[in-house]
Amino acid sequence: MKRFADISLKNKFFFANLVVILIISATIAFLARWILVSTLISELELRGVAIARTIAERGSGYILDKNYPELLGLIFDEAKLTERQHLVSYIFITDQDNEVISHTFTRPFPAELRHANPVPAGEIRSVRLFAIGDQAAYDIATPITQGIYRIGMVHVGLNKSHIDSLVAKLRFAFLGYLSVIIIIIFVLSHWLSKYITMPISKLTRISDELSRGNFDVQLDSNSHFEDFVLDSTPIVVYAIVIWTVFRPITICSRTGGEMSNKPVKLETLLSFLRAAIDHFPDQRTGNNTTYSMQDIGMAAFSVFYTQNPSFLAHQKAMRQRTGRDNTQTIFGIQQIPSDNHIRDMLDPVAPSYLSQVFDNVFETLKTQNLLSPMLWYRDNLAMAFDGTYHFSSKKIHCPNCSTTMRKDGSVTYHHSAITPVIVNPAHNVAISLAPEFVVPQDGSDKQDCETNAAKRWLEKHGDKFRKIAVTILGDDLYCRQPMCRLVLSKGFNFLFVCKPDSHKSLYRWVELLEQHGDLNQFVITRWNGKQREIYTYKYANDVPLRDTEDALTVNWMELTISKEDGQVLYKNAFATNFKITDHNVEILVAGGRSRWKVENENNNTLKTKGYNLEHNYGHGKQHLSSLLVAFNLLAFLFHTVLEWTDQDYQRLRKILPSRKTFFDDLRALTRYICFDSWQHLLDFMLKGLTRAAPG
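Cut-offs applied
Residues numbered from 1 in each chain as written. Predicted model: local features only at pLDDT ≥ 70, side-chain atom pairs only at ≥ 80, totals over all residues. Heavy atoms only, no water. Buried < 20%, exposed > 50% of the residue type's maximum accessible area, 1.4 Å probe, protein only. Helix = DSSP H or I, 4+ residues; strand = E, 2+ residues; numbered from the N terminus. Pairing = 2+ DSSP bridges. Phe/Tyr/Trp six-rings, centres within 6.5 Å; stacked < 30°, edge-to-face > 60°. Lys NZ or Arg CZ within 6 Å of the ring centre and 35° of its normal. Patch = residues over 30% accessible without salt bridge, like charges linked within 9 Å, V, L, I, M, F, W, Y side chains within 5 Å. Areas by Shrake-Rupley, 256 points an atom, 1.4 Å probe, with all protein chains shown as cover. Salt bridge = Lys/Arg side-chain N within 4 Å of Asp/Glu carboxyl O. Axes fitted to C-alpha atoms, helices over the stretch in contact; angles between N-to-C directions. Contact = heavy atoms within 4.5 Å. Parallel < 35°, antiparallel > 145°, perpendicular 65-115°, else oblique. Left-handed = near helix turned anticlockwise from the far one by under 90°. Nonpolar A, V, L, I, M, F, W, Y, C, P; charged D, E, K, R; others polar. Lys, Arg positive; Asp, Glu negative; His and termini not counted. Polar contact = N/O pair within 3.5 Å; in protein donor to acceptor, adjacent residues only side chain to side chain. pLDDT = per-residue confidence, 0-100. Core = buried A, V, L, I, M, F, W, Y, C linked by side-chain atoms within 4.5 Å.

### Details of the pairing of strand β17 (residues 553-563)
Reasoning step 1: Burial analysis of β17 places nine of its eleven residues in the buried class, the great majority of the element.
Reasoning step 2: Bridge count between strand β16 (residues 532-544) and β17: ten bridges; the pairing is antiparallel. Bridge assignment links E533 to a residue of β17, and that residue is K563.
Reasoning step 3: With eight bridges connecting them, β17 and strand β18 (residues 568-576) associate as antiparallel partners. From the neighbouring strand, W556 faces β18, where its bridge partner is A575.
Reasoning step 4: Connecting the antiparallel pair β17 and β18 is a turn made up of four residues, with G566 showing a positive phi of about 100°.

Shown next as structure tokens:
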């Protein structure tokens, strides 16, 4: 302390500031590092769980059929993907008797693994750390179920050494980050100490001169900058502390962070819908005011949510018998209107009134970090665009119908829409975004209709996603220069199917590059459980999209999957603005191929899995047909979000994986029993099904 007392005032300020700020910064930095390390480990564990769930869902049929070669091909494909081959140590599957039926070990199967990580009844997974010889792995076990029965178990082992190396890299990065902070604080503290003490030093010098009788001392009148620095020092120090606190948090947020454990409940989703219905145009007059627009809108939605066209009739009968029903307790409907009254009142309501509901759901998922598992290449969200028809008739039509002239002279009236969804190659889920409906002025050709509606969607909604990394996926219809430029102007990336017939100029460039040996190519051989398949990747960067002087340059890639005898099983090509390398071409192609999920996981599900998208629930004279489709899409989105975030809903769908069985039970139960809430219904179903489970 004596040495500290002997140093100059400037150095006292310097060391005091340095010590205080260093302690605060180091504490926050080490805390942030601990959070990020935990987040990294949790995220890797979530990846392992996702792999296990994917295998469990896709492998159940193989187990029941005892098709073990296909099962072996499935787990080898999942284990040896480029981005996973270092993370996944092994995958093995046991049957209901706990006998190993498939595994990826190239040496004899370690017997100690078979009983090492059982999953208790009622649990959906178990994670344990095991040593296997001189290696260690996190074993993630997930049951394989068929209905209410457990038919096997899938185990995914995550390489602990690989995870430890990732953690070590993260710690090293934080050490560098902390070193930079220390250097910056050192310089700033020195600068602040100098300017804080300079006025005091001057005053001391002047007082010394005056005490000696020297009254000719000149005061410095140009010290305003020093006074400013002195006055603003607390703000500067505060800014340093704030930057140190929030910079690690910003990094964590940008990379997705850890998924929130807070589920999104149906009540929250319905509140978004009620807020939108409050803005519906109200056409009620006279005696028509008996039913509120809230009751009318929610009644229409309840039919699609329960996938039950007779839902309102059944609930009206229940209310007459008991005085209450499920429309009241689950959907908050006070009075049940008739079907015709619902159609009449909703016909003037444009489907755009429901766009905000889709936006609110997306914001909720983003705010709670529930979208982080959907992040794809470079933390992009992949948005797949596709058009789908939802109404067609030769007689029924309205002013908003599109028309098609047939060769026989007849006219077909139809409605169609663009249904954007968020997809990821690793997940069999599609998160719906607000649709855009094709209108007659979009043209009579399908290509013109679909692309114009997609452009309109980007103009309407693009700015909402500017702060997020987004890649737009689409088929060959979208791979045109105006669309590509529009996507880029919104700050998005694109990855579109690129066919030779519609891009002849681009393919001439590709042929020239191949002739001169400048076309990049590499080959991977994979075993699918029955035979070897040859994956041939070709790619070229900076090729013109069309044959004009202002042509946009794109990056082209192609995947051909063939048998060893040369028979082609799959071939497709894509154009993107991402620069393609040997390291990223596989994941980019996987992203392009995931575009089909908008068809399989969204449109086909809506058409064939109970939502009956193409069914005519009512056409109307204005917007009714499109509005009811928007309600249907919202119902599908709500169920998707609940299955994605709500553990009770997840458990129920694990027991009832078939959508048909799930909704059959839902329709039967709600017809005869009045539940206090949606949660009460879930609890009732879980309790009954758990009791019915064997063992």
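### Quick notes on the packing of aromatic side chains
Reasoning step 1: As enumerated under the stated definition, the model contains 27 aromatic pairs in all.
Reasoning step 2: Ring centres 5.9 Å apart and planes at 65° place the aromatic pair W376 and Y377 in the edge-to-face group.
Reasoning step 3: The buried category is assigned to Y377, whose relative accessible area is 13%.
Reasoning step 4: On the basis of an interplanar angle of 80° and a centroid distance of 5.0 Å, the ring pair of F662 and F663 is categorised as edge-to-face. Residues F662 and F663 agree in their burial class; the two are buried.
Reasoning step 5: Three or more aromatic residues joined by ring pairs form one cluster here, namely F301, Y305, F311, F331, F631, F638, Y649, F662, F663 and W678.
Reasoning step 6: Between R593 and the ring centre of Y570, over which it is positioned, the NZ or CZ distance is 4.2 Å.

### Thoughts on a nonpolar patch on the surface
Reasoning step 1: Taken together, L31, W34 and I35 make up a surface patch of nonpolar side chains, about 340 Å² in accessible area.
Reasoning step 2: Relative to the assigned elements, W34 resides in helix α2 (residues 9-65).
Reasoning step 3: Given a relative accessible area of 58%, W34 falls into the exposed group.

### A short note on the sheet that holds strand β5 (residues 149-159)
Reasoning step 1: Spatial ordering of the open sheet is given by β2-β1-β5-β4-β3, a layout of five strands whose pairing is antiparallel. Two strands bound the open sheet, and with one partner strand each, they are β2 (100-103) and β3 (126-132). Here the average twist between neighbouring strands, direction ignored, is 25°.
Reasoning step 2: The sheet contact formed by β3 and strand β4 (residues 135-146) spans seven bridges and is antiparallel. Bridging across to β4, S126 finds its partner in A141.
Reasoning step 3: Each of β1 (88-95) and β2 touches helix α3 (residues 68-79); the most contacted strand, β2, lies at about 40° to it.

### Things to note about the sheet that holds strand β11 (residues 427-432)
Reasoning step 1: Taken together, the nine strands give an open sheet; going across it, the order is β11-β10-β6-β13-β14-β18-β17-β16-β15, and neighbouring strands pair in mixed fashion. Where the open sheet ends on each side, the last strands, each with one partner, are β11 and β15 (520-527). Neighbour-to-neighbour, the strand axes of this sheet turn through a mean angle of 25°, independent of strand direction.
Reasoning step 2: Contacting β16, β17 and β18, helix α14 (residues 504-515) crosses the sheet at an angle of about 110° to β16.

### Overview of the packing of helix α6 (residues 266-277) against helix α11 (residues 355-367)
Reasoning step 1: Between α6 and α11, the least distance of the axes is 9 Å, while the angle of their chain directions is 150°. The angle between the axes of α6 and α11 places the two elements in the roughly antiparallel class. Here α6 and α11 pass one another in a crossing that is right-handed. Two secondary-structure elements touch here, α6 through L269, F272, L273 and A276 and α11 through V357, N360, V361 and T364.
Reasoning step 2: Residues of the contact of α6 with α11, tallied by class, amount to six nonpolar, two polar and no charged.

### Topic: the side chain of D95
Reasoning step 1: Take D95: it is sitting in strand β1.
Reasoning step 2: It turns out D95 is buried and unbridged, and the closest side chain with the opposite charge, R114, is 7.3 Å from it.
Reasoning step 3: One polar contact links the side chain of D95 to the main-chain amide nitrogen of D97, over a distance of 2.9 Å.

### What to know about the pattern of salt bridges
Reasoning step 1: Taken as a whole, this structure holds 22 salt bridges when the rule is applied.
Reasoning step 2: For the salt bridge of D359 with K464, the shortest nitrogen-to-oxygen distance reads 2.5 Å. Of this pair, D359 sits in helix α11 while K464 is found in the loop between α12 (446-461) and β13 (470-474), placing the two residues 105 residues apart along the sequence.
Reasoning step 3: A residue is classified by how much of its surface remains accessible, and D359, at 13% relative accessible area, is buried.
Reasoning step 4: Between R546 and D550 there is a salt bridge, and its shortest N-O distance comes to 3.2 Å.
Reasoning step 5: When its relative accessible area of 32% is taken as the criterion, R546 is described as partly exposed.

### Focus: helix α18 (residues 647-655)
Reasoning step 1: Those residues of α18 not exposed but buried are D648, Y649, Q650, L652, R653 and I655.
Reasoning step 2: Structurally, the start of α18 carries an N-cap: the backbone nitrogen of D648 is 3.0 Å from a side-chain oxygen of D646.

### Things to note about the confidence of the model for the protein
Reasoning step 1: Of all residues in the protein, 80% attain a pLDDT of 70 or more, and the chain-wide mean is 81.
Reasoning step 2: When pLDDT is averaged over each element of the protein, strand β14 (residues 493-497) comes out on top at 97 and helix α5 (residues 224-254) at the bottom at 41.
Reasoning step 3: For the stretch residues 600-607, pLDDT sits under 50, and the model shows 34 contacts to residues farther than four places along the chain or on other chains.
Reasoning step 4: Ignoring residues within four places in sequence, the model shows residues 609-615, a span with pLDDT below 50, making 29 contacts including any to other chains.

### Let's talk about the side chain of D476
Reasoning step 1: Tracing the chain through its elements places D476 in the loop between β13 and α13 (481-489).
Reasoning step 2: Under the relative-accessibility criterion, D476 is labelled buried at 8%.
Reasoning step 3: Residues contacting D476, with those up to four places away along its chain left out, are V497, C498, K499, S502 and H503.

### Examining the environment of Q283
Reasoning step 1: Checked against the element boundaries, Q283 lands in the loop between α6 and α7 (293-305).
Reasoning step 2: With 62 residues separating them along the chain, Q283 and M345 place their C-alpha atoms 6.3 Å apart.
Reasoning step 3: Leaving out residues up to four positions away in the same chain, Q283 has contacts with M345 and P348.

### Things to note about the nonpolar core
Reasoning step 1: By size, the foremost hydrophobic cluster in this structure holds 110 residues, and its most contacted members are F301, L346, L354, F631, F638 and W678.
Reasoning step 2: Per element, the largest residue contribution to this core is 14 residues, and it comes from helix α17 (residues 624-645).
Reasoning step 3: Excluding its chain neighbours within four sequence positions, the residues that come into contact with W678 are L266, E267, Y305, I330, H639, L642, Y649 and L666.

### Thoughts on the pairing of β2
Reasoning step 1: Across three bridges, the pairing between β1 and β2 is antiparallel. Looking at the pairing, T94 lines up with V100 of β2.
Reasoning step 2: Hairpin connection from β1 to β2: four residues lie between these consecutive antiparallel strands, with N98 at a positive phi of about 65°.

### Digging into the packing of α6 against α7
Reasoning step 1: Between α6 and α7, the least distance of the axes is 10 Å, while the angle of their chain directions is 135°. One way to sum up the angle between α6 and α7 is to call them oblique. As for how α6 packs across α7, the hand of that crossing is right-handed. Contact with α6, carried on its side by L266, L270, L273, R274 and I277, involves M293, Q294, G297, M298, F301 and Y305 of α7 and no other residues of that element.
Reasoning step 2: Here the contact of α6 with α7 is built from residues that sort into eight nonpolar, two polar and one charged.

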